[in-house]
Structure formats: C-alpha cells, structure tokens
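# Summary of the model geometry
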Amino acid sequence: MTDTAVPAPRRETGPYLRVEELRVSFDTADGVVRAVDGVSFTVAQGRTLGIVGESGSGKSVTSLAIMGLHDPRRTRISGRILLGGRDLVGLSEEGMRRLRGRDLSMIFQDPLSALHPYYPVGRQIAEAYRVHSPGAGRREARARAVDMLGRVGIPQPGRRFDQYPHEFSGGMRQRAMIAMALVNDPDLVIADEPTTALDVTVQAQILDLLADLQSEFHSAIILITHDLGVVAQVADDVLVMYGGRAVERGSVAQVLRRPQHPYTWGLLSSVPSLHGDADADLLPIPGNPPSLINLPPGCAFHPRCRYAGRNGTRSSTEVPELRQVVERGHLVACHLPEAERQRIHQTEIAGQGVAR
Amino acid sequence: MNAVDASLPAGAPARPAAEPLLRVRGLTKHFPVRTGFRSRGLVRAVDGLDFDVRPGETLGLVGESGCGKTTTGRMLVRLLEPTAGSIEFAGRDITHARRGALRPLRQDLQIIFQDPYASLNPRHTVGRIVAMPLQVNHIDPPGGIKKRVQELLELVGLNPEHYNRYPHEFSGGQRQRIGIARALALRPKLIVADEPVSALDVSIQAQVVNLLRDLQRDLDLAFVFIAHDLAVVRHFCQRVAVMYLGKIVEIGDRADIYERPQHPYTKALLSAIPDVTTLAPAGRIRLTGDVPTPLDPPSGCRFRTRCWKAQDICATDEPALTPRGGGQATACHFPEPVNPSPEGPPAGTSPEMEAGRAP
C-alpha cells in the first residue's frame, strides 16, 4: 500500500550542509584576527539553524565562508564545508560561482546595498536565473522572475518587474531579495539578519514568508541574527557563538528553555521582555565582547563569566570543548561540572528574566 | 478644565498634580518635497501631537520607521523648527524661541542621539566632549571643569582616567555612555533620548538601559524616550505614546498600553514582536502591506488601509484621541472594549485629551 509517488529523497540522506572545524582568520596590520575558530554544525533540508551571537562573534564570517565570499588573498580558511557531499573549502572561484545562487544562496541584511540601484529589480532577478539556466531565453527568465515576485507577496509583480530598487519600500526590497535568492530553487539559503533593518510588523510578514517558502521548497536555512525572539520563532536548532567559537548548540527548546552555558544565560536575562515584571532590572553581562585579535586565554567568555572562578584557573587556561550534556544533541562548551551547572540553572537562572 | 477637575472624585488616584514640565499642543512638522523647482507637496512627518511630560516622568514614543517619532524629538530640543503648534517647557513657550533665548533653556533640555559613532567628534578627547556643554554655557563648577567631567564619567560607569582618550578608543556601549555623560553635564530636567540603545548589542543594551533607569531615579530626570523596540520601552517608561504616520494613535500608562491596548495598531504592534518566551510562531495579527507614504496619507484614520476593523466611517472621519478612562486615550472609531469602570464616567482625564477632543 505504499505510495510510490512520494518523491525520492534528494541526493543522499544525512544533513545537506556539514561544517567541520571551520577556521577563518585574516591577517591585519594589528595582528591575526581569528574570526572563526573551530566551528562545526550541520543543517538538514527543511530545517532552520539559527546562529546567535553579538557583533564580532563570527556569525557573519561563518556565513560568508560557506558562500565563498571571502577574498582568498587575505583570508585563511581551514576545515571542511560539505555541501551535499562536496567540500567547498579550496574550491576554485569558477567552481564556487557555479554553485552560488543555484545550490546555495544568501539573503543579505541590507537590501538597498545588495540590489543594484541602476537596474530594474526584475531584471536583476531574471539575470540570476539566466546565469544558472543557460538555455533560458529572455522571455522565460522574465516570466520566472515575475512568478517569483508574485510568490514572495509583491502585488502587481508584472508592473513591479520594471521598477528600480528605490521605488520599493524596505519590506518590498527585502521580499525582492528573497525572490532573487530563491529564483534557482537553492537547497541552502543563508539569511544574514534578514529582518534587522525592518519594522516589527514587516518583520513578522517576512518571517512568515520565509517559513512558507521553506515548506514549499524544502530548503535548509541558516538564519543569522542577534535577536533571540526571532530565533525562538523560526529556528529548529540554535548555535550560540562567542568570540569565534561555538559555546552552545542544540534544539531551540534545549538552548532557549534549558540553556546550560553562562553566556546563553546572560543573553537571555539581558533581553527585555513583554512579559514579567517591567520594573525589575535587566541583568546584563558585565564588560564588553572580546577583541578577536587578542582573545582571552582559555574560555573566551571567562572575563565576563560570574562562575569562572569555580574550578581554579581552568577557565582561564584551557579552552573548553563542546561536549554533550544531559540531553542528546545538546552541546555546551563550559568547564563547570555538569551537576553544578544544572544546579545553578535551577536555583539562580530559571527564575530570572526571560529565561523563565 | 475646571469642570473636569471638579468632576474628579475626592481622593482620586494620586496622579502627580505637578505642572507639566513639557507641554506639547498641536505639534506639526511638514517637509516640502521638490523635484527641481516644482513643489510636489508636503511630507506630513508629524501632524498635530498633544502630550505632556511631568517632572521626573518617562514618556516613551514608539512606532515604526516614518511615524515621526524622531522628528518629534528633534523639534522638542529645537533642532528642527515646528511648522505649527506649540512647545511649552517649564511654563515658557519655546516653539519659536531664538538661539539666544534658547541657550539658558538648553541647560534643562538635552538630547542623547542614536548613533554613538556619529554623535561624538572624533578629533576631540572625551574630556573635551563632556566639558563642551559647560564651557559653552560659561559654567565653572566648584573644583573646576575637569573634576566635574571626571565625576560625570564615573557616574555613567566609565573610568575617569580615560579623560584624555579619543572616541575611537571606546566600544559602542562606552561611546553611548559618553553621550549620556555629555547630556547630564548641565544637570538637565528633561532628556530626549532618540533610540539610545538600538545600535548596541543585547548584553550592552541591557547595561545602558539599567544605567538610564538608575540615572532617571537618582536624578529625578524626565525623559522622552524614542524607540521602536516596545520591550525596551516597557522596561523604561511609565507612560507610552504609540505613533502611526505622524499621529498619536494611543497614549496611556504602561500597564494600559501593554496589558489593555485598545487601538488595533497597538495590538498588532505588540503581537508582531517575536518574544523569546514563546517558541514557534505565535498567534500574531498579520498586518498586510506597508506603512503608506506620509506624502499622501490615507483620508480619515491613517491606519485604516491596514486595519482589519476598518469601516466606511474610517475613510471619512478622522478619529480624535479620545479618553477611555484611567489616563488612556485612543484615536479609533472601533476601540477594543474595556471592562466598564464601576465609577461611571472616566476619571483622571488629563488635559492633553481635552485638546485632542477639540475639533
């Protein structure tokens, strides 16, 4: 009785994107910037990974490395980025160009600077299509672009096709960007702060749109954001980055409901919320994010961590590894003994701020 | 006014009876738009605002981009000239006061800017930046300017030793603290804070919000806090005004706005905020479309083009900001029902609603 019409799983099984021990560094006049320092994660098709971190945590550098958008003369990349089985690290620019846009594409934060101001929006989308469909004629590309504009919810797509980016509002531009990113039906979409420049009501529309399109196209999505609220709404898995390293990884419920890393605790308790006691003080993380040239030794978070002194000097000498905690798939890089971490979370953290 | 006061039941809830520090009536700013020599009409950035700020009170101005909140803030400190309406500060009309007349008032009325990178002169030391307001106003504090500046730096949580450093040596959060120290230098009574934390990372944002709260309490400062982030505003402001396309659509105490919003826009705005406490998409109100252009705002109620409650009357009659009791006022023909108050007529009507009711 099995339904044979079910489409076969695309390519091989297993996660579509597998990043292993990715390291990205830049040589600058002030020293070597280790922007990403040994990050690993996977994203399966139809799933959304949220990468969370403050500025300078390496989240955007990671995404640009996957897209192959770093200048090879200035950047050193090591580790493996396996996209559907192919390693993207060390791939030639020509080879990368063939994949970019077709197999993986990116939605940038600022659509105004990502769209070319001299060309009509539709033409830019059609161009992205023709690059990867050599047989497609002008008319077919136009039809495809108009179709995409309509699918992302732009009214009168036929008329909008010939308009320029400045004639679009912020939300419409971001929709056009999404249309461009999805025009070749890529299997991996990286969205770098896709809604940060937008108003909340428009942000809600765009997040809904991304979710709808994901269920339609079944793509893997990496969503990079600093907004924990956005992550809570759309992500399946979460990766928390600090100082170029992953400090916590797990499902959205594990990381946001039962966080185990002191940095994640700090992030959650410093976000103002719409619920709870409005007069209570927020609990910020003291200090500032570290410099990537001069990362603190040991755990990069230890100068700002309230619990760093609890096991001698270990936090300041030894880099903690990402290890599995109680639950399957929940990984934390912290020297605190597991029992103590659980106890702190239960007694001190769980009742505070939005971590509740 | 008298009639309203007389109708107040004896022993009405203790609203601070103090004279408002800032009284804004009918504040309007229209920007002409030209292409070449031809005028293409007016951008109605701010269109008739009425509100009061009492001493020591924090008022939040919230809304999406283009709603006129920044223009309002800039008019309050007179960085922009209002087209119409009046601004009264501490009983004096400063709507069109000249530079000379404004200077003594500037001491009481300061602004904190959004961008901590653009608002500090990169070629001046921190000491000089913070001392500037004192020097301009020829104030010689006891112990000298340097001592006062170092006190201010300490007050905002910076190292006083860093007096001689330049802005580029500081992080974004620290720069914002420098801007706050500068605003505090003249011991103002009212600070207009224009998105003071939106450019900062979350962990730093919480530090600055806490600092502003402490300063507000310790120095009894009044604030007009302009922000698009409703969660931040909830943690900082006692009263909140929600703006849409140059108008206040709802104003009230924090609890009223966040717990019992009556304007559909306020409801939609609140429901659109992704909250960390709810995993997976929440039941949000989906607003369709974008904010219309202020060049040609919709007739009647400006929110009607995106409102799910809109009827014919919304296109023809502009709803006035009408008091709904408890100090809350809403500009809507079909406000959300509230629990009828047992006292009958709404008490605690504030004067700005009187003005709002006028045709």
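Residues numbered from 1 in each chain as written. Chains lettered and ligands numbered in written order. Predicted model: local features only at pLDDT ≥ 70, side-chain atom pairs only at ≥ 80, totals over all residues.

A tally of helices and strands in chain B yields 12 helices and 12 strands. Sequence separation of at least 24 residues holds for 65% of the intrachain contacts in chain B that already meet a minimum separation of 6. (Helix = DSSP H or I, 4+ residues; strand = E, 2+ residues; numbered from the N terminus. Contact = placed C-beta atoms within 7 Å.)

If you tally the helices and strands in chain A, you get 13 helices and 12 strands. By the compact-globule yardstick of 21 Å for 356 residues, chain A fits well, its C-alpha radius of gyration being 22 Å. Taking the principal axes of the C-alpha coordinates as reference, chain A spans close to 70 × 60 × 45 Å. A buried classification covers 49% of the 356 residues belonging to chain A. Long-range pairs, those at least 24 residues apart, make up 63% of the contacts in chain A between residues at least 6 apart in sequence. (Rg over C-alpha atoms; globule rule 2.2 N^0.38 Å. Buried ≥ 20, exposed ≤ 12 C-beta atoms within 10 Å, placed from the backbone.)

On to the pairing of strand 8 (residues 220-225) of chain A. The two faces of a sheet get side chains in turn, since along a regular strand they alternate between them. Residues and elements named next belong to chain A. The buried fraction of strand 8 amounts to 6 of the 6 residues, a majority that puts the element mostly inside the structure. Every second residue of strand 8 is oriented toward a common face, with A220, I222 and I224 on one face and I221, L223 and T225 on the other, all of them buried. Sheet analysis places strand 3 (residues 48-52) next to strand 8, joined by 5 bridges and oriented parallel. Bridged to V52 within strand 8 is T225. In the sheet, strand 7 (residues 188-192) pairs with strand 8 via 5 bridges, with the strands oriented parallel. (Pairing = 2+ DSSP bridges.)

Looking now at the interface of chain A and chain B. With 40 residues of chain A in contact, the opposing surface of chain B contributes 38 residues. Elements with a minimum of two residues in the side of chain A that touches chain B: helix 7 (170-182), helix 8 (200-217), helix 9 (228-234), helix 10 (252-257) and helix 11 (262-270) of chain A. Take the side of chain A that touches chain B: its biggest share by element is 6 residues, from helix 8 of chain A. Looking at side-chain class alone, the side of chain A that touches chain B contains 23 nonpolar, 13 polar and 4 charged residues. (Nonpolar A, V, L, I, M, F, W, Y, C, P; charged D, E, K, R; others polar.)

To continue, consider the environment of E321 of chain A. Residues and elements named next belong to chain A. Mapped onto the fold, E321 is located in the loop between helix 12 (314-317) and strand 11 (323-324). Of the residues examined, E321 has 11 C-beta atoms within 10 Å and is grouped as exposed. Spatially, the C-alpha atom of E321 lies 17 Å from that of T42, the residues being 279 residues apart in sequence.

The subject of this paragraph is the sheet that holds strand 7 (residues 190-194) of chain B. Residues and elements named next belong to chain B. Spatial strand order, 6-7-8-3-9-10-12-11: 8 strands in an open sheet with mixed pairing. Looking at the sheet topology across the chains shown, the edges are occupied by strand 6 (109-112) and strand 11 (322-325). Strand-to-strand twist across the sheet, computed as the mean angle between neighbouring axes with direction ignored, equals 20°. Sheet topology note: the strand 9 (residues 239-244)/strand 10 (residues 247-253) ladder contains 6 bridges and is antiparallel. Its bridge partner being in strand 10, Y244 is matched across the sheet by K247. Sheet contacts for helix 2 (residues 69-76): strand 3 (58-62), strand 6, strand 7, strand 8 (222-227) and strand 9; angle to strand 8, the most-contacted strand, approximately 150°. (Axes fitted to C-alpha atoms, helices over the stretch in contact; angles between N-to-C directions.)

This part covers the confidence of the model for chain A. Of all residues in chain A, 94% have pLDDT values of 70 or greater, and the mean over the chain is 87. This stretch, residues 1-12 of chain A, has a pLDDT under 50; its non-local contacts, to residues over four places away or in other chains, come to 3 contacts. (pLDDT = per-residue confidence, 0-100.)

What follows is about the sheet that holds strand 3 of chain A. One open sheet accounts for 8 strands, arranged 6-7-8-3-9-10-12-11 (chain A); its pairing is mixed. Looking at the sheet topology across the chains shown, the edges are occupied by strand 6 (104-107) and strand 11 of chain A.

What follows covers unusual backbone geometry. All names here are of chain B. Unusually for a residue other than glycine, A90 sits at a positive phi of about 50°. Here A90 is to be found in the loop between strand 4 (84-89) and strand 5 (92-93). Of note in the backbone geometry, E195 takes a positive phi value of approximately 45° without being a glycine. Locating E195 in the fold gives a position in the loop between strand 7 and helix 7 (202-219).

Our focus in this paragraph is helix 10 (residues 264-272) of chain B. In terms of burial, helix 10 of chain B is a largely internal element, 7 of the 9 residues being buried. Within the span of helix 10 of chain B, buried status applies to P264, Y265, T266, A268, L269, L270 and A272 of chain B.

Here the focus is helix 5 (residues 145-155) of chain B. Residue and element names in this part refer to chain B. When helix 5 is considered as a whole, its buried residues turn out to be V149, Q150, L152 and L153. Each buried residue of helix 5 sits inside an arc of 160° when the element is viewed along its axis, so together they form one side. Exposed and oriented more than 90 degrees from the buried face of helix 5 are K147 and E154. Contacts from the buried residues of helix 5 go to helix 4 (126-136) and helix 6 (172-184). G157, located one to two residues past helix 5, shows a positive phi value of around 85°. (Arc of directions from axis to C-beta.)

Our next topic: the confidence of the model for chain B. All names here are of chain B. Looking at chain B, the pLDDT average stands at 84 and 88% of residues meet or exceed 70. Contacts of residues 1-16 to residues separated by more than four positions or lying in other chains number 13 contacts, the stretch itself having pLDDT below 50. Low pLDDT (under 50) marks residues 340-359, which in the prediction has 40 contacts with non-local residues, meaning those over four places away or in another chain.

With that settled, consider the pairing of strand 6 of chain B. All names here are of chain B. Judged by which residues are buried, strand 6 turns out to be covered on both faces: L109 and I111 on one side and Q110 and I112 on the other are all buried. Pairing of strand 6 with strand 7 involves 4 bridges; the strand directions are parallel. When the sheet's bridge partners are listed, I111 is paired in strand 7 with V192.

Attention shifts here to the environment of L221 of chain B. Among the secondary structure elements, L221 of chain B is positioned in the loop between helix 7 and strand 8. Setting aside its immediate chain neighbours within four residues, L221 of chain B contacts G56, I191, L215 and Q216 of chain B.

A separate point is the packing of helix 4 (residues 121-132) of chain A against helix 7 of chain A. Residues and elements named next belong to chain A. It is at 8 Å that the axes of helix 4 and helix 7 come closest, and there the two elements cross at 20°. Regarding the angle of helix 4 to helix 7, the classification is roughly parallel. Crossing of helix 4 against helix 7: the hand is right-handed. Taking contact as the criterion, the partners of V121, Q124, I125 and A128 in helix 4 are, on helix 7, A176, A179 and M180. By residue class, the composition of the contact of helix 4 with helix 7 is 6 nonpolar, 1 polar and no charged. (Parallel < 35°, antiparallel > 145°, perpendicular 65-115°, else oblique. Left-handed = near helix turned anticlockwise from the far one by under 90°.)

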